[in-house]
Amino acid sequence: MAVGRAEMGDGKMTLNKQTGNMYPWVMYTWNAIRGECPHECLYCYMRRFKVGKLRLDEKCLNDNLSEGNFIFIGSSTDMWAEQVPSEWILKVLEHCQNFNNTYFFQTKNPERFLDFIPEFPVNVYLGTTIESNVHYPTITKAPSPEERMMVMSHINKPKMVSIEPILEFDLEELTTYIEAISPEFVSIGADSRGHNLPEPSSEKVKMLITELKKFTEVKIKKNLRRLM
Ligand code: SF4
């Protein structure tokens, strides 16, 4: 993800403009909680950077988030990982509530969403990553896709699913997982940086897209072209 600082409202530097390959529908990112992500996914784009310890940057809580934006909160680490103190998450959510935007939160540990349901801003999308129905513990330390699916299927908020980087999967089972979550839309992308991941064939990717389109919107990212 490439970002640039944006001046908002009173000219105070606050939000990061989303200009990279992450999600074209996200206008800005804002990362008050940052640092090494406990999930340690092999393919994480943040592994290239020295990000330091997991922490809440209290200075960010003075940021002006303006209004009318679509903001991805916590794009640089999984702020919903078990290791993140609840107090930090609450401070972030309280700050978001002060500004009239649409907020997007994404995690591989959606169980943590459940602790904060009353605290989410009114306009929110909750997302999870389901790279495959198969659990690959050597690729990520996050909870399994099945656990993520089970929790997300019980959350009654607008939801999305990110299938990225797409990993080898079972078509019927993965489709069942996504349908159980009942997302507003699904975003599908592939590994952009040659991490030598187990990947599905072009034919399987196309079949998955066909099946998903039967019950949700499918947004295809440019980096999926390599597999199609
Ligand atoms: S959960 Fe997200 S931020 Fe954390 S290591 Fe994995 S890809 Fe990176």
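Before any of the text, the structure's been laid out above.
Each value, and the rule that gives it
- Each chain has its residues counted from 1, following the order in which its sequence is written.
- With the structure being a predicted model, the display of local features is reserved for residues of pLDDT at least 70 and the display and counting of side-chain atom pairs for 80 or more, all residues being used for whole-chain, interface and lining totals.
- Excluding hydrogens and water, the side-chain values take into account all heavy atoms of the structure.
- Under the DSSP-based scheme used, a helix requires at least four consecutive residues in state H or I and a strand at least two consecutive residues in state E, with every element numbered from the N terminus.
- Throughout, exposure labels follow a simple rule: accessible area from a 1.4 Å probe, protein chains only, divided by the maximum for the residue type, with under 20% read as buried, over 50% as exposed, and the rest as partly exposed.
- Should any heavy atoms of two residues lie within 4.5 Å, those residues are considered in contact.
- Patch rule: a residue counts if its relative accessible area is over 30% and it has no salt bridge; like charges are joined within 9 Å, and nonpolar side chains (Val, Leu, Ile, Met, Phe, Trp, Tyr) within 5 Å.
- Using a 1.4 Å probe, accessible areas were evaluated by the Shrake-Rupley method; residue-level cover was limited to the displayed protein chains.
- What makes a salt bridge here is a side-chain nitrogen of Lys or Arg within 4 Å of a carboxyl oxygen of Asp or Glu, nothing more.
- All tallies of charge rest on Lys and Arg as positive and Asp and Glu as negative; His and the ends of each chain are not included.
- In plain terms, the charge of a residue is placed at NZ if it is Lys, CZ if Arg, CG if Asp and CD if Glu.
- For this analysis, a ring pair means two rings from Phe, Tyr or Trp (six-membered ring only for Trp) whose centres lie within 6.5 Å, classed as stacked if their planes differ by under 30 degrees, edge-to-face if by over 60, and tilted for the remaining angles.
- Helix axes are fitted to C-alpha atoms over the stretch in contact, other axes to C-alpha atoms as well, and angles between N-to-C directions run from 0 to 180 degrees.
- The scheme is simple: roughly parallel for angles under 35 degrees, roughly antiparallel for over 145, roughly perpendicular for 65 to 115, oblique for anything else.
- Should the near helix be turned anticlockwise from the far one by less than a right angle, the crossing is left-handed, and should it be turned clockwise, the crossing is right-handed.
- Residues are grouped as follows: Ala, Val, Leu, Ile, Met, Phe, Trp, Tyr, Cys and Pro are nonpolar; Asp, Glu, Lys and Arg are charged; all remaining types, including Gly, are polar.
- Directions are taken from the helix axis to each C-beta atom, and the arc is the one they span.

Section: the side chain of Arg-112
Thinking step 1. Within the secondary structure, Arg-112 sits in the loop between β7 (102–107) and β8 (124–129).
Thinking step 2. By relative accessible area, which is 5% here, Arg-112 ends up buried.
Thinking step 3. Excluding anything up to four places from it in sequence, Arg-112 contacts Trp-80, Ala-81, Glu-82, Val-84, Pro-85, Ser-86 and Ile-89.

Structural notes on a negative patch on the surface
Thinking step 1. A grouping of Glu-82, Glu-111, Glu-146, Glu-147, Asp-170, Glu-172 and Glu-173 is seen on the molecular surface, where their side chains present a negatively charged patch.
Thinking step 2. Contributing elements (two or more residues each) for the negative patch: α2 (145–152) and α3 (171–181).
Thinking step 3. Checked against the element boundaries, Glu-172 lands in helix α3.
Thinking step 4. A relative accessible area of 64% means that Glu-172 is categorised as exposed.

Some thoughts on the packing of aromatic side chains
Thinking step 1. This model, assessed by the stated rule, comprises 15 aromatic pairs.
Thinking step 2. Plain terms: the ring middles of Tyr-23 and Phe-104 are 5.8 Å apart, the flat faces sit at 75 degrees to each other, and that makes the pair edge-to-face. Residue Tyr-23 is located in the loop between β2 (12–18) and β3 (28–30), and its partner Phe-104 is located in strand β7; the two are separated by 81 residues in the primary sequence. Pair check on accessibility: Tyr-23 and Phe-104 agree, each one buried.

A short note on the packing of α2 against α3
Packed helices, taken two at a time, are described by the angle their axes make and the gap between the axes.
Thinking step 1. Running from amino to carboxyl end, α2 crosses α3 at an angle of 25 degrees, the nearest separation of the two axes being 8 Å. For the element pair α2 / α3, the angle class is roughly parallel. As for the relative orientation of α2 and α3, their crossing is left-handed in sense. Across the interface between the two elements, Pro-145, Glu-146, Met-149 and Met-152 from α2 touch Tyr-177, Ala-180 and Ile-181 from α3.
Thinking step 2. Taken together, the residues of the contact of α2 with α3 break down into six nonpolar, no polar and one charged.

Re helix α4 (residues 202–212)
Thinking step 1. Every buried residue of α4 is listed here: Val-205, Leu-208, Ile-209 and Leu-212. An end-on view of α4 places all buried positions within 100 degrees of arc, on one side of the element.
Thinking step 2. Residues of α4 that are buried in the fold lie against β9 (159–163), α3, β10 (185–188) and β11 (217–220).

Brief notes about unusual backbone geometry
Thinking step 1. Looking along the chain, the bond that leaves Glu-164 and enters Pro-165 is cis, with omega of -5 degrees.
Thinking step 2. Along the chain, Pro-165 falls in the loop between β9 and α3.
Thinking step 3. The phi torsion at Ser-66 lies on the positive side, around 55 degrees, for a residue other than glycine.
Thinking step 4. Among the structural elements, Ser-66 can be located in the loop between β5 (55–56) and β6 (70–73).
Thinking step 5. Its relative accessible area of 18% is what places Ser-66 among the buried residues.
Thinking step 6. Phi at Ser-182 takes a positive value of approximately 60 degrees, unusual for a residue other than glycine.
Thinking step 7. Along the polypeptide, Ser-182 turns up in the loop between α3 and β10.

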